[in-house]
Amino acid sequence: MAEPGVETRTRSAVITARAAASFEPVGRSVATARAFVRDTLQGWGYSDVVDDATVLTSELVTNAVVHAGTTADVLCLRLDDAVRVEVADHYPEREIPLQSSAHSVGSPDSENGRGLLLCAALASRWGVEYTPTQKQVWFQLDLPDRPVGTRSAGPVVPADLLPVADERVRVAVVQIDRSGAIAAWNEDAEFVFGYPAEQVTGKPLTDFAAWPHTPGTSTGIADALQLSRWEGSYGIRCADGRVIPVYASHLRVRDTQGEPSTVCLLVRDHERAVLQTPLRSPAGDSVGDSRAVDPFETFIGSPAPDDLDGLLQRTVERSRDMLDADAAFLLLATDDETELEVRATTGLPSARQRFARVPVEAGTGRYGSARMPAVHEDLTAVPGAVPLLDDTGMRSVVTVPLKVEGRLTGSLGVAAEAPGRYSNEEALRLQFAADRIALAVESARLGELERLRRGSLSFLVEASDLLAGTLDRDQTLALMAQMTVPTLATWCAVYTIADQSSDPYLSYVLHEDEERIDGLKALLSKIAPPDPVPTPGARLWTAPGDAAHQAALRTSMRELGLATTSQLGSGIGTTLATAAAVGGETVVLPLVARNRVIGMLTLGKPSDDHFRQEILELAEDLSRRAALALDNARLYSERMAISQSLQRSLLPPGLPQIPGVEVEVIYRAAGEGNEVGGDFYDLFPIRDGAYGFAIGDVCGTGPEAAAVTGLARHALRLLAREGFGGPAVLERLNAAILDEGARSRFLTLLYGELWPQEDGSAILKIVCAGHPLPLRLRQDGTVEPSAEPQPLLGVMDDLELYEQTITLDPGDVLLCVTDGVTERREGTRMLGDDGLADVLTTCTGLTAGAVAARVLRAVERFAAEPASDDMAILAMRVHEPHKD
């Protein structure tokens, strides 16, 4: 044997079989990979190296899926005298130590190096390879020399306990080619199944296999034929139409030309001992020990599933096989032990039963209690004794409790289609099995409950953050539905109630399959909404399921020509799909905010599906948060609508047309949701041929500044139309602002009056009370201020203001802005009056609209951050005379 150590892989050994699988980067993949390697090596007969191989595989797959966080590709290779397992991840840049000494590879306490250290300790050879897309670690385990006949052995069993077989045990040998067709069919197969070889040769085995005879098997017949080794039970349809249960052993081989095929050995199911692999003896037991190994000591098998659902499913499958039953089921008790929840079934319509709840004391007599073992020889004699088995065709059943420290934790049962199959002896055997697994199930259940609680907390935290991040009603409705589908339910509908006198309104519908949304919405719109009951908690709502069932029935009758009227316009495909979508459990949770029902959250499952209690409790918590968020969005929308309506009343209704003068205004209010701030503008006719214009800036922003804005704008119009001149208008406005007392605000204001002239010019009289000076752009490109600064309003009682008169020639532009333009900052830089003048010099020949737009672009580009102050830009340009 070569010395173990790091080396590059050699391919000189002949590979006689291979098996490969990939595993997702999730924690449960480690257990699945272990099971894959164990099953593969046991199928090849390499039980001597199974334990070492699974330990090494576990460490290497953990490195791939947990530490590297990538998919793990596992390849098992069977060699002449060894087995090689390769584990590859898709993280090639992940570093790995390559010291020459195996002892320096890593520390047993280090997660990253432990897998390689184990390879060095356990493997005959091992190595690491890199490619541009992956890193691969492999190990090889040499097979020990074994004397013939000592591979495995069962205990010595008295003759009267040996399994009973026919006088002649017939083993049907069937060979299947790579396409799944029957290539060989021996005489025993002809005798057992009644088909001559020439009748079945060339036909697919799936034409004769009744799969699965043993319910709950997740692997299909086609998948089983592709595995290197498979062992289990199913059925074969005989020539006379009967289905014979068989126990099969499949072995994948290849001929000398390299063509693969599968050899199937089949015996009648009650003769399965001929083919069935014997259970492995516990460590330390000698082969010749005469004490029989109790089958319940290996009831679950090794390795046991890491997750609760896997453990429960394996429990019911082993229970069914142990008592040769047709079905099995396992229920777990709720926290208060008043109900049992269906968690695993085999041989039953599991989709319908899963997570359904039944009372502990359901039924009559001693058969009604789940706290004691119970045997039903014939369920037809005791109707409703086991509600779970109603309408399933099961006649006899035995149930036993699962108890931990005297506390009921669940119930395990097996059932058969024939009556009288079970007695107290089977009940004791099943009880013994239940006692063996009760503690493991309870431990796994508590672990799952803890994970669910942590997940629920994370879910609610994320939901709260998302709901708090918006005050938009429609977005809140969408978030409510998207958080529940598909995490909590398959579909969701949100009803809203505008006020106490309004009926519930269907506001939002979502299904995990987008193609089902329209059909679901149409169905819900045809039925009355649920009653707005404020009682907390989820309550069942059967109306959608009933309506969908009736719609599907009517549509099916119409398709068959049995219906006299057509009540539905949709096709049978859409109707049946909608019926399936809402055919499961539907619950309604009230949306209560501020002691008022503002809507209902409806959650639904597809056909025959039920909600878990933990999911309903989580949905109830979510509904409380969603209700408050929805009501906040409603209040915000109402107040925003009122605010915006009031703000719009502060803006001029429109700009008048001034003969010979172009006017353009751009207004930007700072603050989210504000249409009007502290800046304002106005342009209005005073009398025939005269127009007033104003642009101002109230100290501050927001509603308080907007209030002064309204006062100033309306006072200007009123005073100007009463015939007061510019100085008199501003002096009276100053007095009105001071009368506001503590609510008053400083106000800078540029006010002017404009008279268009017959020669194409325009005369302006301007008063600039503390406001940025207006700039005049002449046709030759020169820019100059057109007024002098005077005191602002709202500070002094006595003001002596005066007006200045200017004449705008044809083609001239007058630009008026608020300080939000001139005080635009980027760090220590400020646009200022000079910067604005530079921008205006580039506007020669532009229209008033183009001038205002260019100024706005210059302001926005001056700084990267959004503007923090209101801005108003008023540009007036005198038309140039037309040239013939």
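All of these numbers come straight from a predicted model, not from anything done at the bench.

### Some thoughts on the overall build of the protein
Phase 1: Along its length, the protein carries 19 helices and 34 strands.
Phase 2: Per-residue burial for the protein yields a buried fraction of 46% across its 884 residues.
Phase 3: Contacts in the protein between residues at least 24 apart in sequence constitute 61% of all its contacts with a sequence separation of at least 6.
Phase 4: On the protein, roughly 43200 Å² of surface is accessible, and the fraction owed to carbon and sulfur atoms is 51%.

### Notes on the sheet that holds strand S4 (residues 125-130)
Two pairing modes exist for strands in a sheet, parallel and antiparallel, and in both the strands are linked by backbone hydrogen bonds.
Phase 1: Here we have five strands laid out as an open sheet, ordered S1-S2-S3-S5-S4, and antiparallel in their pairing. Only two strands of the sheet have a single partner each, and these edge strands are strand S1 (15-23) and S4. Taking the axes of each pair of neighbouring strands and ignoring which way they run, one obtains an average angle of 15 degrees across the sheet.
Phase 2: As defined by bridge partners, S4 adjoins strand S5 (residues 135-142) across six bridges and the pair is classed as antiparallel.

### Looking at the pattern of salt bridges
Phase 1: In this structure the tally under the stated criterion is 25 salt bridges.
Phase 2: The closest approach of N and O atoms between Arg-242 and Asp-240, which form a salt bridge, is 2.7 Å.
Phase 3: Here Asp-240 falls in the exposed class, since its relative accessible area comes to 53%.
Phase 4: Here Asp-309 and Arg-343 are joined by a salt bridge, their closest N and O atoms 3.0 Å apart. You can see Asp-309 sitting in helix H7 (residues 308-322) and its partner Arg-343 sitting in strand S13 (residues 339-346), a full 34 residues away along the chain.
Phase 5: You can call Asp-309 partly exposed: its relative accessible area is 31%.
Phase 6: Via salt bridges that share partners, Arg-594, Arg-596, Asp-631, Arg-634 and Glu-638 belong to a single interconnected network.

### Digging into helix H19 (residues 848-862)
Phase 1: In a regular helix each residue adds 1.5 Å, so 15 residues correspond to 21 Å; H19 covers 21 Å between its end C-alpha atoms and thus fits that length.
Phase 2: Taken residue by residue, H19 has Ala-848, Val-851, Ala-852, Val-855, Leu-856, Val-859 and Phe-862 as its buried positions. End-on view of H19: buried residues confined to an arc of 130 degrees, all on one side of the axis.

### Description of a nonpolar patch on the surface
Phase 1: Where nonpolar side chains cluster on the molecular surface, the patch consists of Phe-746, Val-795 and Met-796 and spans about 270 Å² of accessible area.
Phase 2: Position of Phe-746 among the secondary structure elements: in the loop between helix H16 (726-738) and strand S26 (747-756).
Phase 3: On the accessibility criterion, Phe-746 (45% relative accessible area) is partly exposed.

### Brief notes about the side chain of Arg-170
Phase 1: Tracing the backbone through its elements, the reader meets Arg-170 in the loop between S5 and strand S6 (172-177).
Phase 2: Residue classification places Arg-170 among the buried positions, given a relative accessible area of 16%.
Phase 3: Looking at Arg-170, its side chain comes within polar contact range of the side chain of Asp-188, at 3.1 Å.
Phase 4: Those residues within four positions of Arg-170 in sequence are excluded, and the remaining contacts are Asp-188, Phe-191, Val-192, Leu-266, Val-267 and Glu-271.

### What about the packing of helix H9 (residues 424-468) against helix H10 (residues 473-484)?
Phase 1: Viewed as axis vectors pointing N to C, H9 and H10 meet at an angle of 165 degrees, and their least axial separation amounts to 10 Å. By the criterion of interaxial angle, the relationship of H9 to H10 is roughly antiparallel. Classified by chirality, the crossing of H10 by H9 is right-handed. Residues Phe-459, Ala-463, Leu-466 and Leu-467 of H9 pack against Thr-476, Leu-479, Met-480 and Met-483 of H10.
Phase 2: Tallied by class, residues from the contact of H9 with H10 come to seven nonpolar, one polar and no charged.

### Side note on helix H18 (residues 832-841)
Phase 1: Buried within H18 are the following residues: Gly-832, Gly-835, Leu-836, Ala-837, Val-839 and Leu-840.
Phase 2: The elements touched by buried residues of H18 are strand S28 (775-777), strand S29 (783-785), strand S31 (813-817), helix H17 (819-822), strand S33 (829-830) and H19.

### Remarks on the nonpolar core
Phase 1: Of all hydrophobic cores here, the largest spans 49 residues; its most connected members are Met-480, Leu-524, Leu-591 and Leu-603.
Phase 2: Of all the elements, helix H14 (residues 613-649) adds the most residues to this core, at eight residues.
Phase 3: Apart from residues no more than four positions distant in its own chain, Met-480 is found in contact with Leu-467, Val-494, Leu-591, Leu-601 and Ala-626.
Phase 4: In this structure, Ala-17, Leu-60, Val-85 and Leu-141 belong to the second largest nonpolar core, which totals 33 residues.

### A few points about the sheet that holds strand S25 (residues 690-698)
Phase 1: Reading across the sheet, the five strands line up as S24-S25-S26-S27-S30 and stay open at both edges, with antiparallel pairing between neighbours. Only two strands of the sheet have a single partner each, and these edge strands are strand S24 (679-687) and strand S30 (804-808). Between one strand and the next, the sheet's axes are offset by a mean angle of 20 degrees, whatever the strand orientation.
Phase 2: Contacts from H16 reach S26 and strand S27 (762-769) within the one sheet, and its direction differs from that of S26 by about 150 degrees.

### Comments concerning the packing of aromatic side chains
Phase 1: Considering all chains together, one arrives at six aromatic pairs under this definition.
Phase 2: Plain terms: the ring middles of Trp-185 and Tyr-195 are 6.4 Å apart, the flat faces sit at 70 degrees to each other, and that makes the pair edge-to-face. Here Tyr-195 lies in the loop between helix H4 (187-193) and helix H5 (197-200) and Trp-185 lies in strand S7 (residues 182-185), a separation of 10 residues in the sequence.
Phase 3: We classify Trp-185 as buried; its relative accessible area is 11%.
Phase 4: With centroids separated by 5.9 Å and ring planes inclined at 50 degrees, the aromatic side chains of Tyr-667 and Tyr-681 adopt a geometry described as tilted. Pair noted here: Tyr-667 is in strand S23 (residues 661-668) and Tyr-681 is in strand S24, with a separation of 14 residues, a long-range link. You'll find Tyr-667 and Tyr-681 in the same group, each marked buried.

### Details of the side chain of Gln-790
Phase 1: Mapped onto the secondary structure, Gln-790 falls in the loop between S29 and S30.
Phase 2: Look at Gln-790 and you get buried, because its relative accessible area is 7%.
Phase 3: Here the side chain of Gln-790 touches Tyr-802 through a polar contact of 2.7 Å, landing on its backbone oxygen.
Phase 4: With near-sequence residues (within four places) excluded, Gln-790 lies in contact with Val-767, Cys-768, Ala-769, Gly-770, Glu-800, Leu-801 and Tyr-802.

### Side note on the pairing of S13
Phase 1: Buried residues dominate S13, accounting for seven of its eight residues.
Phase 2: Examined bridge by bridge, strand S12 (residues 327-333) and S13 share six bridges and lie antiparallel to one another. Opposite Leu-332, over in S13, you have Glu-341 as the bridge partner.

### Regarding the pairing of strand S2 (residues 72-79)
Phase 1: The buried fraction of S2 is high, at six of eight residues.
Phase 2: Bridge analysis of S1 against S2 gives eight bridges, and the strand direction is antiparallel. Opposite Ala-20, over in S2, you have Leu-75 as the bridge partner.
Phase 3: Pairing of S2 with strand S3 (residues 82-89) involves six bridges; the strand directions are antiparallel. Along S3, the bridge assignment pairs Cys-76 with Val-85.
Phase 4: Taken together, S2 and the strand that follows it, S3, pair antiparallel across an intervening segment of two residues.

The rules we used
- Residues numbered from 1 in each chain as written.
- Predicted model: local features only at pLDDT ≥ 70, side-chain atom pairs only at ≥ 80, totals over all residues.
- Heavy atoms only, no water.
- Helix = DSSP H or I, 4+ residues; strand = E, 2+ residues; numbered from the N terminus.
- Buried < 20%, exposed > 50% of the residue type's maximum accessible area, 1.4 Å probe, protein only.
- Contact = heavy atoms within 4.5 Å.
- Areas by Shrake-Rupley, 256 points an atom, 1.4 Å probe, with all protein chains shown as cover.
- Pairing = 2+ DSSP bridges.
- Axes fitted to C-alpha atoms, helices over the stretch in contact; angles between N-to-C directions.
- Salt bridge = Lys/Arg side-chain N within 4 Å of Asp/Glu carboxyl O.
- Expected span 1.5 Å × (residues − 1).
- Arc of directions from axis to C-beta.
- Patch = residues over 30% accessible without salt bridge, like charges linked within 9 Å, V, L, I, M, F, W, Y side chains within 5 Å.
- Polar contact = N/O pair within 3.5 Å; in protein donor to acceptor, adjacent residues only side chain to side chain.
- Parallel < 35°, antiparallel > 145°, perpendicular 65-115°, else oblique.
- Left-handed = near helix turned anticlockwise from the far one by under 90°.
- Nonpolar A, V, L, I, M, F, W, Y, C, P; charged D, E, K, R; others polar.
- Core = buried A, V, L, I, M, F, W, Y, C linked by side-chain atoms within 4.5 Å.
- Phe/Tyr/Trp six-rings, centres within 6.5 Å; stacked < 30°, edge-to-face > 60°.

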